[in-house]
Amino acid sequence: MKKINLFAAAAVIALGASSASAATLSSVTCTSDLVTFNFSGVSGVTNVTMEASQSGSNWSIIGAGELDGSDASPSIGVPTNLSEFIEIISNNSTASYRAVIDGTITTASCS
């Protein structure tokens, strides 16, 4: 599992060109200090933006980057014990999460 810096990605990194990929957000799992986005079907360089919302609206970016396709089912962990995350999400277990993959949005709750 790869951990990313919460707001290094919020500057919205210049992402490389993406190739066609059937990548999807398969689930989101939560622990007391980590939200893990689990993807499937990654078959090339795929741009992803991960967002969170406590209310189901007013989405905030909590991470962004590229899935490189070397792993068809990667997981990306976002630390939830940082003050930047706590300002957005008061309870990570009851929040909603979504991933934007090449313009397609998939929403999930913690499983």
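Residues numbered from 1 in each chain as written. Predicted model: local features only at pLDDT ≥ 70, side-chain atom pairs only at ≥ 80, totals over all residues. Heavy atoms only, no water.

Novice: Could you clarify how one ought to interpret the state of the cysteines in this entry?
Specialist: Note on terminology: disulfide describes a covalent bond linking the sulfur atoms of two cysteines. For the structure shown, the criterion picks out 1 disulfide. Put simply, Cys30 and Cys110 are joined by a disulfide, and their sulfur atoms are 1.7 Å apart. Here the S-S torsion is close to -45°, and the disulfide linking Cys30 with Cys110 is therefore left-handed. Here Cys110 lies in the segment after strand E8 (104-109) and Cys30 lies in strand E2 (residues 24-31), a separation of 80 residues in the sequence. (Disulfide = S-S within 2.5 Å. Helix = DSSP H or I, 4+ residues; strand = E, 2+ residues; numbered from the N terminus.)

Novice: Please clarify how the environment of Asp68 should be interpreted in this entry.
Specialist: Examined against the element boundaries, Asp68 turns out to sit in the loop between strand E5 (60-67) and strand E6 (75-79). Note: C-alpha distance between Asp68 and Thr46 (22 residues apart in sequence) is 6.3 Å. Contact partners of Asp68, with chain neighbours within four places excluded, come to Gly44 and Val45. A distance of 2.7 Å separates a polar atom in the side chain of Asp68 from a polar atom in the side chain of Ser70. (Contact = heavy atoms within 4.5 Å. Polar contact = N/O pair within 3.5 Å; in protein donor to acceptor, adjacent residues only side chain to side chain.)

Novice: Looking at this model, I keep getting lost on the packing of aromatic side chains. Mind explaining?
Specialist: Here the distance between the centres and the angle between the planes together describe a pair of aromatic rings. All chains considered together, the criterion is met by 1 aromatic pair. Seen from their ring centres, Phe37 and Tyr97 are 6.0 Å apart, and the 90° between their planes marks the pair as edge-to-face. Residue Phe37 is found in strand E3 (residues 34-40), and its partner Tyr97 is found in strand E7 (residues 96-101); the two are separated by 60 residues along the sequence. Per residue, the accessibility class of Phe37 equals that of Tyr97, and both read buried. (Phe/Tyr/Trp six-rings, centres within 6.5 Å; stacked < 30°, edge-to-face > 60°. Buried < 20%, exposed > 50% of the residue type's maximum accessible area, 1.4 Å probe, protein only.)

Novice: Please clarify how the environment of Ile62 should be interpreted in this entry.
Specialist: One can find Ile62 in strand E5. Judged by relative accessible area, Ile62 falls into the buried class, the value being 0%. Separated by 26 residues in the primary sequence, Ile62 and Ile88 place their C-alpha atoms 9.0 Å from one another.

Novice: Explain the environment of Cys30 here, please?
Specialist: For Cys30, a relative accessible area of 19% puts it in the buried group. Sequence separation between Cys30 and Ser93 is 63 residues; the distance between their C-alpha atoms is 6.2 Å. Cys30 has contacts with Val35, Asn92, Tyr97, Cys110 and Ser111, leaving out every residue within four places of it along the chain.

Novice: Please explain the pairing of E8 as it appears in this structure.
Specialist: Where E7 lies against E8, 6 bridges are found, and the strand directions are antiparallel. Bridging from a neighbouring strand, Arg98 pairs with Thr107 of E8. In sequence, E7 turns back onto E8 through a hairpin of 2 residues, with Asp102 there showing a positive phi of about 50°. (Pairing = 2+ DSSP bridges.)

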